[in-house]
Amino acid sequence: MKSFLTEIKEHFGDGNYEGDQFGGANGHNGNGMPTGLPNNFMFATGIECSYPTIDNGKTRRDLLAECDHYNRYKEDLALVKEMGLKVLRYGLPYYNIQLSPTKYDWEFADLAMAEMQRLEITPILDLMHFGVPDFIGNFQNPELPVHFAAYCEEVAKRYPWVRYYTPVNEIYVTAKMSAKDGVWNEQLKSDKAFVTALKHLVAASIMGTQQIAKHRPDCIIVQSESAEFTHELRAEHTFAVQMQNKLRFASLDLLYGHHPEGDVLNYLYDNGMTRREYEWFMAGEPPGYQVMGNDYYGRNEKIMLPNGEVCTSMDVLGWYNITHDYYQRYKKPVMHTETNVLEAKEAPTWLWKQWVNILRMRKEGVPVLGFTWYSLIDQLDWDKGLERKVGTVNPCGLFDLDRKPRPVAAAYKMLLQEYGQITIVPHGELFEVTKAPATLKVEV
């Protein structure tokens with residue numbers, strides 16, 4: 001089997017995609033609903049769009065279908081508008097659009113994107129969310145970066161008004177669930193399969209971003225990644241758990257050209273990454289303006305007891321402390337890109353706790369660009385990681401599956417009324433760009 005670097009060379013030539021080719025790398029108290037001005041903090045929600053396969057590829061989980069978004073997309077987008085939100089994390093169904101290396105079906109995407117444009121909703125366009133088209137197979141395929149790059153270019157050409165992108169959602173989680181934990185897609189359980197998936201996914205994100213930037217040089221890349229940590233309550237820590245706490249950085253290390261710790265690098269080499277591949281990743285950052293999005297659920301943070309039992313710790317450190325570690329490592333502006341709880345009655349309190357974390361981060365001078373309650377509508381089967389298709393409703397949305405508001409919707413509206421016009425940086429309204437060249441709308 002060819003390496004992904006060989007695939008890249010055959011399709012794009014040698015060296016064309018190393019490094020960054022496109023040069024990318026308060027006067028108001030904040031009260032009132034969001035205005036949509038460029039310098040405003042981005043209050044967002046998202047529409048759950050996961051589409052991994054299970055049952056050894058026989059069953060496709062498509063949450064857009066299971067939550068009836070395909071039929072109710074206008075209603076769902078109207079709810080975003082009704083909430084007073086200006087920004088939406090939105091995932092197009094990649095597996096249903098790129099039907100072959102050269103064949104695309106844009107029917108639903110065109111309808112949804114046109115409605116967003118009509119409603120003046122700013123999408124953060126999510127291009128790969130836990131799955132790939134059938135013709136690619138899974139994340140072990142070295143051709144993935146090439147096919148995905150072609151898809152990204154077609155999206156950028158088709159929707160030139162879009163500036164914000166998440167090329168590959170939660171790279172680390174995707175690789176781990178598919179190739180290490182054996183739950184999705186290839187359903188493998190080995191370190192070598194994990195490293196293979198990881199490098200193909202990161203390469204896909206880099207290659208896809210390069211193609212987006214060809215058509216939108218001012219693109220803003222919001223890289224959503226899970227903020228995780230395991231507290232090991234043993235007098236002497238084990239190598240396996242400590243390595244897990246280091247490997248959570250591996251996807252962003254490769255994406256941002258940040259050299260990992262020596263033992264992580266040895267792990268990558270021991271499990272199939274070549275020196276040439278590693279040097280390719282370290283050659284430079286992807287193009288565009290890079291924003292580090294951290295997704296935080298209380299269930300991301302775990303405690304391992306002395307007997308090996310693992311339990312959910314629910315924000316012992318919290319989003320602030322975990323994300324601060326990521327910020328110190330990469331020095332990127334950050335965004336809280338996903339959060340929820342699976343119990344509806346606890347959601348309003350969880351929302352306020354996350355906002356306290358954001359205010360604390362901002363107080364320390366860390367540039368926090370936005371916050372996302374994920375998702376707009378309730379989800380299905382995430383209590384079991386989509387591993388089995390049961391249809392259990394997870395009441396974590398701003399609205400239930402009948403599109404009726406849950407208590408957290410009222411809480412979010414209250415938050416928006418109080419803070420909706422805060423700027424990303426103090427007095428940021430002084431730096432607004434009011435006019436732009438005819439070809440591009442300049443935003444900050």
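Residues numbered from 1 in each chain as written. Predicted model: local features only at pLDDT ≥ 70, side-chain atom pairs only at ≥ 80, totals over all residues. Heavy atoms only, no water.

Where an unreviewed UniProt entry is consulted, the chain appears under the name Family 1 glycosylhydrolase, with the organism given as Hymenobacter glaciei.

A short note on the overall build of the chain
Keep this limit in mind: Only runs of H or I of at least four residues qualify as helices and only runs of E of at least two qualify as strands under DSSP, and these elements are numbered from the N terminus. Radius of gyration: C-alpha atoms only; globule rule: 2.2 Å multiplied by the number of residues to the exponent 0.38. Exposure classes here rest on a 1.4 Å probe applied to the protein chains alone. A residue is buried below 20% of its type maximum, exposed above 50%, and partly exposed in between. Only the protein chains shown count as cover for residues, and all accessible areas are computed by the Shrake-Rupley method using a 1.4 Å probe.
For the chain, the helix and strand inventory stands at 15 helices and 15 strands. For 444 residues, the compact-globule estimate of 2.2 N^0.38 gives 22 Å, and the C-alpha radius of gyration of the chain, at 21 Å, lies within 12% of that figure. C-alpha extents for the chain along the principal axes are approximately 60 × 55 × 45 Å. Considering the chain as a whole, with its 444 residues, one finds that 58% of them fall into the buried category. Within the structure as shown, the chain displays about 17,400 Å² of accessible surface, and the carbon and sulfur contribution to it stands at 51%.

Concerning the sheet that holds strand β8 (residues 229-232)
Definition in use: Strand pairing is defined by DSSP finding a minimum of two bridges between the two strands. Lines fitted to C-alpha atoms define the axes, with helix axes restricted to the stretch in contact, and inter-axis angles between N-to-C directions lie between 0 and 180 degrees.
If you trace the three strands from one edge of the open sheet to the other, you get β8-β10-β11, paired in mixed fashion. With partners counted over all chains shown, the strands left at the sheet margins are β8 and β11 (310-312), one partner each. Taken over all neighbouring pairs, the strand axes of this sheet differ in orientation by 25° on average, direction set aside. Where β8 lies against strand β10 (residues 301-304), four bridges are found, and the strand directions are parallel. By the bridge assignment for β10, F229 is matched with E301.

A few points about the packing of helix α1 (residues 4-12) against helix α8 (residues 191-215)
We count it as follows: Roughly parallel refers to an angle under 35 degrees, roughly antiparallel to one over 145, roughly perpendicular to one between 65 and 115, and oblique to any angle outside these ranges. Two helices that cross are described as forming a left-handed crossing if the nearer one is turned anticlockwise from the farther one by less than a right angle, and a right-handed crossing if clockwise. The contact criterion used is simple: two residues touch if any of their non-hydrogen atoms lie within 4.5 Å. Under the scheme applied here, ten amino acids are nonpolar (Ala, Val, Leu, Ile, Met, Phe, Trp, Tyr, Cys and Pro), four are charged (Asp, Glu, Lys and Arg), and all others, including Gly, are polar.
Interaxial distance between α1 and α8 falls to 11 Å at its minimum, and their mutual angle equals 20°. Considered as vectors, α1 and α8 are oriented roughly parallel to each other. Judged by the sense of rotation from one axis to the other, the crossing of α1 with α8 is right-handed. Here F4, I8 and F12 of α1 lie close against α8, whose contacting residues are K199, H200, A203, M207 and Q211. Looking at side-chain class alone, the contact of α1 with α8 contains five nonpolar, two polar and one charged residues.

So, the environment of R362
Here R362 shows up in helix α14 (residues 347-363). Residues in contact with R362, not counting those within four places in the same chain, are F41, V368, I422, T423 and I424.

A closer look at the sheet that holds strand β9 (residues 289-295)
One key point about sheets: their strands pair by backbone hydrogen bonds, in either a parallel or an antiparallel sense. Taken together, eight strands build a closed barrel; the order of strands is β1-β4-β5-β6-β7-β9-β12-β13 and the barrel is parallel. Each strand axis lies, on average, 30° off the axis of its neighbour in the sheet, ignoring direction. Set on the sheet, helix α3 (residues 69-83) makes contact with β1 (42-47) and β4 (87-91); between it and β1 the angle comes to about 165°. Against the sheet, helix α13 (residues 318-330) engages β7 (220-226), β9, β12 (334-338) and β13 (368-374), with an angle of about 150° to β9.

Description of α14
Convention followed: Take the number of residues in a helix, subtract one, and multiply by 1.5 Å to get its expected span.
The end-to-end C-alpha distance of α14, which contains 17 residues, comes to 24 Å, matching closely the 24 Å that a straight helix rising 1.5 Å per residue would cover. Looking at the buried residues of α14, the elements they touch are β1, α13, β12, β13 and α15 (407-419). Following α14 by one or two positions, G365 adopts a phi angle in the positive range, close to 90°.

Topic: the layout of surface pockets
Formally: Cavities and pockets are found on a 1 Å grid laid over the protein atoms alone: a cavity is a set of points where a 1.4 Å probe fits but cannot escape, a pocket is an open set with protein on both sides within 12 Å along at least five of seven lines, and a lining residue has an atom within 4 Å of such a point. Grid points are joined across faces, edges and corners, and a volume is the space filled by probe spheres set on the points.
Of the pockets and cavities examined, the second largest pocket occupies roughly 830 Å³. In terms of lining residues, the second largest pocket is bounded by 34 residues, among which E228, R299, N300, K302 and W382 are the most central. Only α7 (171-180), β8, α9 (239-247) and β10 provide two or more residues apiece to the lining of the second largest pocket. In terms of residues, the lining of the second largest pocket owes the most to one element, α7, which gives four residues.

Notes on the pairing of β7
By the criterion of burial, β7 is predominantly enclosed, with seven of the seven residues buried. The alternating pattern of β7 places I220, V222, S224 and S226 and I221, Q223 and E225 on opposite faces, both of which are buried. Of the strand pairs in this sheet, strand β6 (residues 164-166) and β7 are connected by two bridges, and their pairing is parallel. Across the sheet, Y164 pairs through a bridge with I220, a residue of β7. As defined by bridge partners, β7 adjoins β9 across seven bridges and the pair is classed as parallel.

Focus: empty space enclosed by the protein
Taken as a whole, the second largest cavity encloses approximately 60 Å³ of empty space. As for the second largest cavity, its lining consists of G46, I47, E48, C67, H69, D76, S375, L376, I377, D378 and R403. Looking at the lining of the second largest cavity, the elements with two or more residues in it are β1 and α3.

Side note on the side chain of D126
In plain terms, the rule: Here a polar contact is taken to be a pair of N or O atoms separated by no more than 3.5 Å, where protein atoms must pair a possible hydrogen donor with a possible acceptor and residues adjacent in sequence count only if both atoms sit in side chains.
The topology assignment puts D126 in strand β5 (residues 122-126). At a separation of 3.4 Å, a polar atom in the side chain of D126 contacts the main-chain amide nitrogen of M128. Not counting residues up to four positions away in its chain, the partners in contact with D126 are C49, R89, Y90, G91, L92, T166 and N169.

Examining the pairing of β13
Remark: a regular strand shows side chains that alternate across the two faces of the sheet. Most of β13 sits out of view: seven of its seven residues are buried. Bridge count between β1 and β13: five bridges; the pairing is parallel. If you follow F43 over to β13, its bridge partner there is F371. Bridge analysis of β12 against β13 gives two bridges, and the strand direction is parallel. Its bridge partner lying in β13, H336 is registered against F371.

Side note on the pattern of salt bridges
Stated precisely, the cut-off is as follows: Only one rule defines a salt bridge in this text: a Lys or Arg side-chain nitrogen within 4 Å of an Asp or Glu carboxyl oxygen.
A full pass over the atoms with the stated rule returns 25 salt bridges. Its salt-bridge partner being E338, residue R89 comes within 3.0 Å of it at the nearest N-O pair. Residue R89 is located in strand β4, and its partner E338 is located in strand β12; the two are separated by 249 residues in the primary sequence. Across the pair, exposure class does not vary: R89 and E338 are buried alike. Salt-bridge contacts for D383 lead to K384; the nearest nitrogen and oxygen are separated by 3.0 Å. Classification of D383 by relative accessible area gives partly exposed; the value is 42%. When salt bridges that share partners are traced, they join R61, E66, D381, D383 and K384 into one network.

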